[in-house]
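# Structural description and commentary
The residues making up each chain are set out below.
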Amino acid sequence: MVKLSGRAIAGPDEYGFSAAALDHLASEVVSVRRLGVQVAVVVGGGNVFRGNRSDAWGIDRVEADNIGMLGTVINSLLLRGRLTALGEPDVRVMTAVPIDAVAEPYIRLRAMHHLEKGAVVVLAAGIGQPFVTTDYPSVQRAIEVDADALLVAKHGVDGVYDSDPHKHPEALRFRKLTYAHVLEQGLAVMDQSAFILARDHKLPMHVFDIEQSGVMAAICRGERRGTYIGP
Ligand code: UDP
């Protein structure tokens, strides 16, 4: 299971879409598929809208989260489109909010069936509920479909550091962490509720920089890249 943030689709900008970034992300997914690995992707929507900015727009938070979820659907359709254009034979977008004309509803057993048959499954609209980002759905879906690991794709940072590497050049990257260490040290990996769910279900996590070509495939081949988090 890959957690892909919408930010990675925006390319150099904070918002919007970049054709080059989309091509890169889709190519990375294809390279993992070519290894014979079953791949599902939970796609974020931060490049379109974030629900926690509801105050700035003067709108209700739940409404804002609904808009954010629709953003993840847009990104998911972009990813399906590019994966298909790159020759991926079977790509399924499954949404937690029903939008039947453009995508299948998320049904756990059906998603697992698609994965077993070799389809890339793109999971849109998070868990279909407000007050969470796509961090929580990425962990939840990974556990639901019995994924071997969650690949947490970061944009421009190649793992978990002891302090922000953009502000502190001397920051050190961890190669391996336990869930307890992350929580004790308050390290920024993902939303805490999502992280605790991962810990409770002992879901192995790899945090890496999606900008670096071939990293996801390397992780799937068993190479140690970025930061590994486990029990
Ligand atoms: N969102 C939500 N429920 C979900 C998943 C997402 O309400 O299950 C909304 C939330 O407002 C979030 C937005 O969709 O801010 C976009 O997702 P996210 O912030 O995770 O995008 P990313 O940062 O990964 O690009």
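Everything numeric in this text was worked out from a predicted model, so none of it was measured.

## Quick notes on the overall build of the chain
The number of helices and strands found in the chain is nine helices and nine strands. When its C-alpha atoms are laid out on the principal axes, the chain stretches across 50 × 45 × 35 Å. Intrachain contacts of the chain at a sequence separation of at least 6 include 68% that bridge at least 24 residues.

## As for the packing of helix α6 (residues 135-144) against helix α8 (residues 192-200)
At a minimum axis distance of 8 Å, the contact between α6 and α8 shows a crossing angle of 15°. When the axis of α6 is compared with that of α8, the two are roughly parallel. In this structure, α6 crosses over α8, and the sense of that crossing is left-handed. Every residue of α8 that contacts α6 at Asp135, Tyr136, Ser138, Val139 and Gln140 is listed here: Ser193, Ala194, Leu197 and Ala198.

## Considering unusual backbone geometry
Backbone geometry places phenylalanine 131, a non-glycine residue, at a positive phi of 70°. Relative to the assigned elements, phenylalanine 131 resides in the loop between β5 (120-124) and α6. Taking the number of C-beta atoms within 10 Å as the measure of exposure, phenylalanine 131 has 11 and is therefore exposed. In this structure, aspartate 146 takes a positive phi of about 60° despite not being glycine. Looking at where aspartate 146 falls in the secondary structure, it is placed in the loop between α6 and β6 (150-154). Judged by the 10 C-beta atoms lying within 10 Å of it, aspartate 146 falls in the exposed class.

## Details of the site of the ligand
Residues in contact with the ligand amount to 22 residues; listed here are only the nearest, Gly44, Gly46, Gly51, Gly68 and Gly126. Contributing elements (two or more residues each) for the shell around the ligand: α1 (6-10) and α4 (61-85).

## Some details on the sheet that holds strand β7 (residues 176-178)
Taken in spatial order, the nine strands line up as β4-β3-β5-β2-β1-β6-β8-β9-β7 in an open sheet, and their pairing is mixed. This sheet does not close on itself; its edge strands, each paired only once, are β4 (104-105) and β7. In this sheet, β6 lies alongside strand β1 (residues 2-4) in parallel orientation, the contact comprising two bridges. Following the sheet pairing, valine 2 is matched in β6 by leucine 151. Contacts between α6 and the sheet are confined to β1, β2 (40-43), β5 and β6, with β2 contributing the most and set at about 160° to the helix.

## As for the pairing of strand β3 (residues 91-95)
With respect to burial, β3 is a largely interior element, five of its five residues being buried. The two faces of β3 match: Val91, Val93 and Thr95 on one face and Arg92 and Met94 on the other face are all buried. When β3 meets β5, the two strands line up parallel, connected through five bridges. By the bridge assignment, methionine 94 is partnered in β5 with leucine 123. Where β3 lies against β4, two bridges are found, and the strand directions are parallel. Within β4, the position partnered with methionine 94 by the bridge is glutamate 104.

## Section: the environment of tyrosine 106
Tracing the sequence through the fold places tyrosine 106 in the loop between β4 and α5 (108-116). Spatially, the C-alpha atom of tyrosine 106 lies 9.6 Å from that of alanine 125, the residues being 19 residues apart in sequence. Discounting residues that sit within four places of it in the chain, tyrosine 106 has contacts with Met94, Thr95, Ala96, Ala111 and Leu123.

## Quick look at the nonpolar core
Membership of the largest hydrophobic core comes to 58 residues, with the highest contact counts inside it found for Leu25, Ala40, Val41, Val122, Leu123, Ala124 and Leu150. Looking at this core, the element that brings in the most residues is helix α2 (residues 19-33), giving six residues. Setting aside anything within four residues of it in sequence, one finds alanine 40 in contact with Met1, Ala111, Leu115, Val121, Leu123, Arg141, Val145 and Ala147.

## Some remarks on the UniProt feature "binding site: UMP" (unreviewed entry) in the chain
In this structure's numbering, the residues bearing the UniProt feature "binding site: UMP" (unreviewed entry) are Gly45, Asp65, Ile127, Gly128, Gln129, Pro130, Phe131, Val132, Thr133 and Thr134. A maximum C-alpha distance of 14.2 Å among these annotated residues, which run over 90 residues, shows that they cluster at one spot. Relative to the helices and strands, glutamine 129 is located in the loop between β5 and α6. Glutamine 129 gets classed as partly exposed once you count the C-beta atoms within 10 Å, which come to 15.

Reading the values: the criteria
- Residues numbered from 1 in each chain as written.
- Predicted model: local features only at pLDDT ≥ 70, side-chain atom pairs only at ≥ 80, totals over all residues.
- Helix = DSSP H or I, 4+ residues; strand = E, 2+ residues; numbered from the N terminus.
- Contact = placed C-beta atoms within 7 Å.
- Axes fitted to C-alpha atoms, helices over the stretch in contact; angles between N-to-C directions.
- Parallel < 35°, antiparallel > 145°, perpendicular 65-115°, else oblique.
- Left-handed = near helix turned anticlockwise from the far one by under 90°.
- Buried ≥ 20, exposed ≤ 12 C-beta atoms within 10 Å, placed from the backbone.
- Near = placed C-beta within 6 Å.
- Pairing = 2+ DSSP bridges.
- Core = buried A, V, L, I, M, F, W, Y, C linked by C-beta atoms within 7 Å.
- UniProt positions renumbered as here; feature names shortened; annotations may be inferred.

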